[in-house]
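Observations on chain architecture
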Amino acid sequence: MKNFKKILLLLVVFGGLFMLAQEVKAVKFNSTEDLSPVDIGGWNGLSGNLEIVINPNNGLVYLLGGKSNLYRQSNFGVYNRTSNTSMNLSDKIPISGVTAAIGSATTFVQPDLIFLGTPSSSPQSFFGFYNESNNITKTAASLSSINGIALNPINNLIYIVGLNIFSSYNLTSNITVDLLPALNKNLCHISCSEYNIQTIEVDTKSGLIYLGSETVNTDNSFAVYNFSSNSTINLSNTDNGWISNGVSVGIYDLEFDDSKNIIYIKTIDFDNNKNEFGVFNISSNRSMNLSLGQLNDGGDLALDSDRGNVYIVGNTFGVYNYLSNTTTSLNSTSTGTLINNMSFSALKYDYTNKLIYLLGIDGKFAVYSTNTKPIATNVSITPLPLSAGDT
């Protein structure tokens with residue numbers, strides 16, 4: 001979301017708890033700090049689909065997820081780094097007397113709007129937005145089973161993906177359009193009887209929309225949608241088999257690096273019980289497996305394109321550097337048992353303050369501070385080779 005940063009001071013008042021962020025709480029370099037104690041009132045303890053969303057204008061960190069009781073209770077809250085305090089906002093998402101498990105969110109469309117949606121595991125349905133400036137949530141459209149939400153800055157539409165969902169939403173006209181027919185059986189699941197699209201990423205320069213899906217018995221998990229032609233192209237054949245080497249495969253995270261014109265890919269191979277990490281080069285239309293051992297068990301990605309770093313979290317916490325093509329474990333940056341097996345399943349990079357926020361299904365919430373300096377903008381970047389022979 002660094003493309004949406006604005007020189008703006010946004011005063012946000014939540015019952016007098018939050019003050020305008022002017023200065024970030026200090027954190028040691030190359031260290032991971034436990035923020036779980038700021039969970040006031042026990043509203044955290046998230047499970048299921050987890051998301052972190054950061055408002056680039058004021059640094060407020062929003063946490064989303066669902067309680068473990070069949071996802072019938074949502075957890076939605078905000079953390080203020082300056083005051084090191086948090087607030088529960090779960091009551092802002094009531095649906096027929098039962099709050100839904102919020103499991104998907106996009107970054108801020110405007111300085112004060114965050115879009116939210118319920119995952120397929122929720123018994124309730126919700127797609128709408130929370131307005132930070134007036135502390136009110138509104139329903140936008142009748143959608144459910146949402147796995148991902150993204151803004152396309154080229155046409156200013158919100159795109160939503162999930163179980164049998166691929167739609168666009170126009171905030172101005174309040175109109176939702178079903179785009180599933182445009183997939184033309186690309187990304188289909190279980191012999192094309194349904195679609196289970198897991199993740200969405202927008203090329204902010206061209207407006208092309210990259211999609212990752214969970215598939216069974218099909219080599220069909222990676223595709224790109226062109227909104228201008230309303231057509232989709234299957235990209236699964238660019239991977240030389242490293243994505244589609246199992247019968248049951250899912251792409252669960254995509255991260256677009258606009259400075260290098262590449263997309264990082266995180267997959268799960270259910271048959272072989274392993275995760276993979278790779279990169280797709282948009283210019284050469286080829287992808288390559290970057291899994292280097294110690295970070296294979298990561299489940300979520302966060303990109304710091306200024307430093308050429310991709311942070312990976314899951315069974316481990318680590319960082320991959322594009323320029324050196326190396327990975328480094330960051331497990332030792334925390335003390336005690338903060339980073340344990342499957343402790344964290346979501347993370348997000350704060351470009352303004354150079355911090356990584358981590359969120360775990362067991363109520364753990366932490367922040368990591370990098371010790372690396374930004375790469376100068378005039379440095380020439382040489383893309384990794386992505387020839388037909390790469391695996």
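Our subject is the structure listed above.
Residues numbered from 1 in each chain as written. Predicted model: local features only at pLDDT ≥ 70, side-chain atom pairs only at ≥ 80, totals over all residues. Heavy atoms only, no water.

Side note on unusual backbone geometry
This is how it is decided: Helix and strand definitions follow DSSP, with helices as H or I runs of at least four residues and strands as E runs of at least two, each counted in order from the N terminus. Burial classes follow relative accessibility: with a 1.4 Å probe on protein chains only, a residue under 20% of its type's maximum area counts as buried, one over 50% as exposed, and anything between as partly exposed.
A positive phi angle, near 60 degrees, is found at Asn 174, a position not held by glycine. With respect to the helices and strands, the residue Asn 174 is situated in the loop between β12 (165-170) and β13 (175-178). For Asn 174, a relative accessible area of 46% puts it in the partly exposed group. Phi is positive for Asn 285, which is not a glycine, with a value near 60 degrees. Locating Asn 285 in the fold gives a position in the loop between β22 (274-281) and β23 (286-289).

Topic: the pairing of strand β26 (residues 317-321)
We count it as follows: Here, strands pair whenever DSSP counts at least two bridges between them.
Most of β26 sits out of view: 5 of its 5 residues are buried. Neither face of β26 is exposed, since Phe 317, Val 319 and Asn 321 on one face and Gly 318 and Tyr 320 on the opposite face are all buried. Taken together, the 5 bridges between strand β25 (residues 309-314) and β26 define a ladder with antiparallel strand orientation. Of the residues in β26, the one forming a bridge with Val 313 is Phe 317. Hairpin connection between β25 and β26: a loop of 2 residues separates the two successive antiparallel strands.

A closer look at the nonpolar core
Keep this limit in mind: Nine residue types can take part in a nonpolar core, namely buried Ala, Val, Leu, Ile, Met, Phe, Trp, Tyr and Cys, and a core is a set of them joined through side-chain atoms within 4.5 Å. Here a residue-residue contact requires only that any non-hydrogen atoms of the pair lie within 4.5 Å.
Ranked by internal contacts, the top residues of the largest apolar core, which has 28 residues, are Tyr 264, Phe 277, Tyr 311, Phe 317, Leu 347, Ile 356 and Leu 358. Elements supplying a minimum of two residues to this core: β21 (262-269), β22, β24 (298-304), β25, β26, β28 (346-350), β29 (355-359) and β30 (365-369). Top contributing element to this core by residue count: β25, with 4 residues. In this structure Tyr 311 touches Asp 300, Leu 301, Ala 302, Asp 304, Phe 317, Gly 318, Val 319, Leu 330, Leu 347, Ile 356, Tyr 368 and Thr 370, once residues within four positions along its chain are discounted. Formed by 19 residues, the second largest nonpolar core is a distinct cluster that contains Leu 157, Tyr 159, Leu 179 and Leu 211.

Brief notes about the pairing of β23
In terms of strand pairing, β22 meets β23 through 4 bridges, oriented antiparallel. Within β23, the position partnered with Asn 281 by the bridge is Arg 286. Remark: 4 residues form the turn of the hairpin made by β22 and β23, two consecutive strands paired antiparallel; Asn 285 in that turn has positive phi of roughly 60 degrees.

Some remarks on the pattern of salt bridges
We apply this condition: Between Lys or Arg on one side and Asp or Glu on the other, a salt bridge is scored when a side-chain nitrogen of the former is within 4 Å of a carboxyl oxygen of the latter.
Tallied over the entire structure, the rule returns 4 salt bridges. Ionic pairing is found between Asp 304 and Arg 307, a salt bridge with its closest N-O pair at 3.1 Å. Each member of the pair, Asp 304 together with Arg 307, is buried. Residue Asp 306 is joined to Lys 354 by a salt bridge in which the shortest nitrogen-to-oxygen separation is 3.5 Å. With Asp 306 in the loop between β24 and β25 and Lys 354 in the loop between β28 and β29, this residue pair connects regions lying 48 residues apart in the sequence. Note on Lys 354: relative accessible area 25%, which makes it partly exposed.

Quick notes on the sheet that holds strand β11 (residues 157-162)
Pairing between the strands of a sheet is mediated by backbone hydrogen bonds and can be parallel or antiparallel. Inclusion rule: A fitted line through C-alpha atoms serves as each axis, taken over the contacting stretch for helices, and the angle formed by two N-to-C directions is quoted from 0 to 180°.
In spatial order, the strands read β10-β11-β12-β13; together these 4 strands make up an open sheet with antiparallel pairing. The sheet terminates laterally at β10 (146-152) and β13, the two strands that pair on one side only. Taking each pair of neighbouring strands and ignoring which way they run, the sheet shows an average axis angle of 20 degrees.

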